[in-house]
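Secondary and tertiary structure notes
So you can see what is in the structure, the chains are spelled out below.
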Amino acid sequence: MPILKNLPGRIKSNHGNGELILPRLNLDLNPFEEVDLEEERNEGEPPNLGVCGGKIFQSRSPHDGEEEENEVNAERHGPEAPKGGGGRPLRGTLERLCGSSPLKTLGKLGKGLRMSGCSVWGTFPSQRCPTDPHSPKPEKEKRKGLRRSSEEIMTLLRFAGRRKQTQRRESLPCGNLSADSEAESCRRPSFLRMVSLGKLKRESLSDHNSQEAEEELEEEPLVVKPREPLSVLEILQLVNQRDLLLADTHIQELERECELMALLPHPPTPSFTPPGVNPLGSFDDPSSPNVSRDASLRKAKDVELLYEALQKEMWDVVRESLRQPTAGPNLGLVVLVIQQEEQADTAQAQKEETQPLREGLQPHPSQRPRQLKLKWRQAVGEASDWSLPQQVRTPAGQLASYLERLRGRMVDDLDAARRNVVSVYPEEFQAFQVYVQSYHRAVARRLNIITSSQLQITDVYSLLDWFYNIYNRDVLGTVGMKTPINYSPLEPLLHQDTVDRLEQDCLNTVREKVTTELTQVLDEEERRWAQMLHIEEYQSNLARSIIQRLTLDLDRSTAVSSFLGARVARCSLNGLSDFLYSFQRKVEMFHETQAEFGDRGDGYISRTIALVNCCPPLRSFVQRCRQCDPQGSEESTQRANSSLNRIINQSVRVLTEKLFEHIRPFCDKLVKRKWLNNTEAFEAIEASIKQHFKKFRRMDCPPYQILVGEVHRRILVEYVRAIMRGRVICTSSKMRKRMAFRLQDEAKQLKGLFKDLESGSSWLDSVLAHLADIILLEDTPSIQMEVAVLVKEFPDIRKKHVSTLLNVRGMMRQAEREEILNIVRDFESSGSSALLCRDHALFSDIPVTSEVHCINLGLIRVAMTLANCTLVEQRLTRNTHNSVSMCSFV
C-alpha cells in the first residue's frame, strides 16, 4: 500500500524533532481517523534534540529530510528507474484502505511506525542506541519474520473488538456532539487529512526537486514476499476443513522450528548465585534461557496437539470411506499425508545416523518416527471394529442369528472396500489385505468374548459350525473369489484350547443324554406297557424319542466337522449299546410276566408288535453311528445289534406261538385217511393264518419278513412231519395218485397264501411238490432223479427221511430202496451238507420214528390177508349155520 509505505518516510523528515513526534506514536492511534498536520505545524513547538550515544544531533528542516528520503528512494530503485512522469500515478489509496482488513492494516501500520521510530529517532528511555554494538536487539526485531502464535492472534482480535466498542460508544447521541468532534479533531488529527496535506506538500516542492518527486510519486514494483508461516489456529482450521496435506506441510514446518529452537545453545547455570538473583534469569527478559525453553516447549506441545487433531481427522476419513458410494478426495489426501510423513521419518532417521549430537547441546525429544502407516493399519482395525455389530446380550439359543449378521456385515464392508477404497491406495500399502486382516481380528475378538462365558449346547454347535465352515466358505471364500487373499497371516479365530473345550462340551452333552435322559425315557415307557395293555397300540414313541435326542447331536456335529461327528457317533454308540441291552432285558421281563400272569389277549399282541417296531429305526441309527466312525469300537456295534436281534426273535417267537395255539389241532389232522377225502383241516389252517396276519401286518419290515418267513416254515414243517409219521401208507397205485395229487393241490394253495402275505421264503414252496413226485413216480430212475433234486434243494434231509418217504409210497423191494438211498448217502459223504444254512433248514426240525423194514411190511401184509380170509370164512360159516337152523325149525 503506497500510503503506508511512504508514511515512515514522511515521518523520517523530522530527524531531530524526536520530542515533537514521539508523543504521537501512541498505540491508540486509529489509522482511519483524520489528522490535521497544518494546525500542528503552526503551533510553533520548539525543535527537539535527540540523544544517542552521548552525542547531540541538531534537528533538521523538513526539506532536508525530504531530500534525504528522495535520495534513498533513488538508490533503492536503481538507475533504471524512469525519470519522467511515465510511472503509474498514486491512486486508489482510499479504496485499498477500505477493502483491506483493519487488523492487517493496523499491524502493518504499527510495524512501519516502530521501524521508523527505531531507525530515525533516538531510543526510548528503556532502550539503547542501535549504534551500540553491545546493546541487544529489541524483542520486536527478533521476532520479525517469525510465526504468529495463537496468543498474538487472540490479542489482535480482542484489541479490534475493544476499538469497535469504543467507536460505538462515541457514536451514541449524548452531550454536545459538535464540541466533542471539534475537541477530538484538535486533539487527534485525521489520518486522511494528514495524507492529503502530505500530497500537497509534495506538489509544492515539485519545482525544487522535480526528479526526486517523480521517483517518489512513482509506484514501487510488486515484490514477491516469502510465504508467512501460519499460526497454530490457522493450521487447526485447515485440519478441521480437512485440507490435510497442506495442514501437514505447515505442521512439519512448525516441527522444524521447534528443532531449530532446541539446537540453540543455552548458558550453563552458575554454581554460585548471589542472594536475590534468579539463577535461570528473569522470566520477563526475552533473552532469558527460560523464556526460550518455555517457548520451545509450548511450540512442541502445539505440534503434538496438531498431529493429534490431524490424525483424528485422517482416521475419521478412513472410517467414513466404507459408508460412502465413492471414496472421495479426502481419502487421497490421507494417503498423501501418510507418504509425506513416511518420507519425513526416513529423513529424520538418516539425519540421526549421519549427524551425531554435538557437545553442549541438549537432545530434542523428537517424536519421530511417527509411523503413520502403522497407525493407519491400526485405524483400519478400529474402523472395522466400529463397523461390525457388537455382541449384546443375545438370548440363549439365538447366537446363530448374531453370527449371520456378523457374516453379512463383514462381506458387505469388504466388498465396499474392494470397489471404492482399495483403488485409492498405492500397491505397496496392500490395502485389501490390511482390511481383511483387520476384520479378521475384529471377528476373533468377538468370538473370544462369546466363548468366555458358558454357552448353551445349541449355541456351541452354531459357533463351531460358523468357525469350521461358514466363515471359511461364505466369508473368506466369497471375498477371495473376486480379490486374491493371502491366508497365511490370518491367525485362527479361536485358540485350539477353546475349540477343544467346546467340543468336549458337546461330548458331555451326548454322554449325559445316553446315560440319564434315555434311562428316564425307558422307565416311563415300561410303566406304560402295563397300564396301556388293554389298548391296541401298534407303534411306540420310544424309538422316535431316543433317535431324535441322539440324532440332533449327531447331525450338528457331523455338519461341523467329520472329526467331531466321529467322536459324537462313538459316544452315542457306546451309550446306545448299553441302553439297548437294558431295553432287551425289560422286553424279556414283560413277556415273562405276561406268560405267567397275563391273558395274552389282543393288547398283548399289539404291544409285542409295538416293541418290535422300535427295532428297525434303532438298528438304522446304530448303522449310521458306525458309518460316521469307521474306526470306532466294533464291540459296541455287535452288542447293540445282538440286543435288537434278541428282541425281534423273541417277539416273533411269541407271535408264532400265539398263531400255532390256534392251528396246531388242525395240523394234527393232516395226512390221515380222513384227510384224503376231507379238506376241513387245511381250510381251517388257512383261515386262521389269514385272520392273525391282519394284525401281524402292522409290524414293520424287516421284522415282518422274519415273522411271515417263520410262520411259512413252521407250517411246512408241520405238514412234512405229518407225512413222516407214516399214518397213510399207499398200498396201490391208485392210492399213491390220490395222495400225490392232494399234496400238490395244498402245496399250490400254501404257495399262493404266503405269496399274498409277502413271504420271502419262496424256497419252501417246492418241498411238497418234490415229495408228491416221489410218491407218484413209478420207475426207479425217475425216483432217483427226484430224490437228488430234493437233497440238493434241502441239504438237511437225511437218509431216514427218504426211507420213511419210500415206506409211505409202499416201495417194498430192497434192491430198489438201496439204489434210491445211495443217492442220499453219496451226498452226505461229499460233505455238501456242511454248507447247510440255518435259514434254509427244514428237515432238521422234523424227527423220524424208527425205520420200518420191508420184511416186516410183508409180514404185515400177509397177516392182513390171512385175517381177511378168516373173516370171510367166518362170515360164510355163520351164514351156513343160520341156514341150517332155519331148515330145522321149518
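The residue numbers shown here count from 1 along each chain, following its written sequence. Owing to the predicted nature of the model, reporting of local features is limited to residues with pLDDT of at least 70; listing and counting of side-chain atom pairs is limited to 80 or more, with chain, interface and lining totals taken over all residues. Only hydrogens and water are removed before side-chain values are computed, so all heavy atoms of the structure are retained for them.

The next point concerns the confidence of the model for the chain. Predicted coordinates in regions of low pLDDT should not be interpreted in detail. Every residue gets a pLDDT, meaning the predictor's confidence in that residue, from 0 to 100. With 63% of its residues at a pLDDT of 70 or more, the chain shows a mean pLDDT of 73. Across residues 212-217, where pLDDT falls below 50, the model places 16 contacts with residues more than four positions away in sequence or in other chains. We call two residues contacting when some pair of their heavy atoms lies within 4.5 Å. A low-confidence stretch, residues 276-284 (pLDDT under 50), is modelled with 16 contacts involving residues beyond four sequence positions or located in other chains.

Let us now look at the pattern of salt bridges. The term salt bridge refers to a pairing of a side-chain nitrogen on Lys or Arg with a carboxyl oxygen on Asp or Glu at a separation within 4 Å. Under the counting rule described, the total for this entry stands at 42 salt bridges. Among the salt bridges present, the one from D553 reaches K513, with a minimum N-O distance of 2.6 Å. Of this pair, D553 sits in helix α21 (residues 542-560) while K513 sits in helix α20 (residues 496-531), and the two are 40 residues apart along the sequence. There is no split in this pair, since D553 and K513 are both buried. Close ionic contact of E778 with R736 constitutes a salt bridge, the shortest N to O distance being 3.0 Å. Of the two residues, E778 is situated in the loop between α29 (767-776) and α30 (780-793) and R736 in helix α28 (residues 733-756); the sequence distance between them amounts to 42 residues. Note on classification: 1.4 Å probe, protein chains only; a residue is buried when its accessible area is under 20% of the maximum for its type, exposed when over 50%, partly exposed between these limits. On the accessibility criterion, R736 (10% relative accessible area) is buried. Secondary structure elements are defined from DSSP: runs of H or I of at least 4 residues count as helices, runs of E of at least 2 residues count as strands, and each element is numbered from the N terminus.

This part covers a positive patch on the surface. On the surface, K669, K672, K674 and R725 cluster together into a patch of positive charge. Structurally, the position occupied by K674 is in the loop between α25 (634-667) and α26 (680-696). Of the residues examined, K674 reaches a relative accessible area of 70% and is grouped as exposed. Nonpolar side chains (Val, Leu, Ile, Met, Phe, Trp, Tyr) are joined into patches within 5 Å and like charges within 9 Å, using only residues with over 30% relative accessible area and no salt bridge. The Shrake-Rupley method, run with a 1.4 Å probe sphere, supplies the accessible areas, and residue values consider only the shown protein chains as cover. In this tally Asp and Glu are treated as negative and Lys and Arg as positive; neither His nor the chain ends contributes. Note on charges: their place is set at NZ of Lys, CZ of Arg, CG of Asp or CD of Glu.

Here the focus is α29. For an α-helix the count is 3.6 residues per turn, leaving residues at separations of three or four pointing the same way. Most of α29 sits out of view: 7 of its 10 residues are buried. For α29, the complete set of buried residues consists of V767, L768, H770, L771, A772, I774 and I775. Contacts made by the buried residues of α29 are with α27 (703-724), α28, α30 and α31 (799-809).

In this section: helix α18 (residues 431-451). With 21 residues, α18 ought to run about 30 Å at 1.5 Å a step, and its terminal C-alpha atoms sit 30 Å apart, in line with that. With respect to burial, α18 is a largely interior element, 17 of its 21 residues being buried. Take the number of residues in a helix, subtract one, and multiply by 1.5 Å to get its expected span.

All right, on to the packing of α29 against α30 then. Packing of α29 against α30 brings their axes to within 9 Å, and their N-to-C directions diverge by 160°. Taken together, the axis directions place α29 and α30 in an arrangement best described as roughly antiparallel. Crossing of α29 against α30: the hand is left-handed. Residues H770, L771, D773 and I774 of α29 form the contact with α30, whose own contacting residues are I783, E786, V787, V789, L790 and E793. To obtain an axis, a line is fitted to C-alpha atoms, over the contacting stretch when the element is a helix, and the angle between two such axes runs from 0 to 180 degrees between their N-to-C directions. Throughout, the term roughly parallel applies to angles under 35 degrees, roughly antiparallel to angles over 145, roughly perpendicular to angles from 65 to 115, and oblique to all others. Note on convention: near helix rotated counterclockwise from far helix by under a right angle means a left-handed crossing. Clockwise means right-handed.

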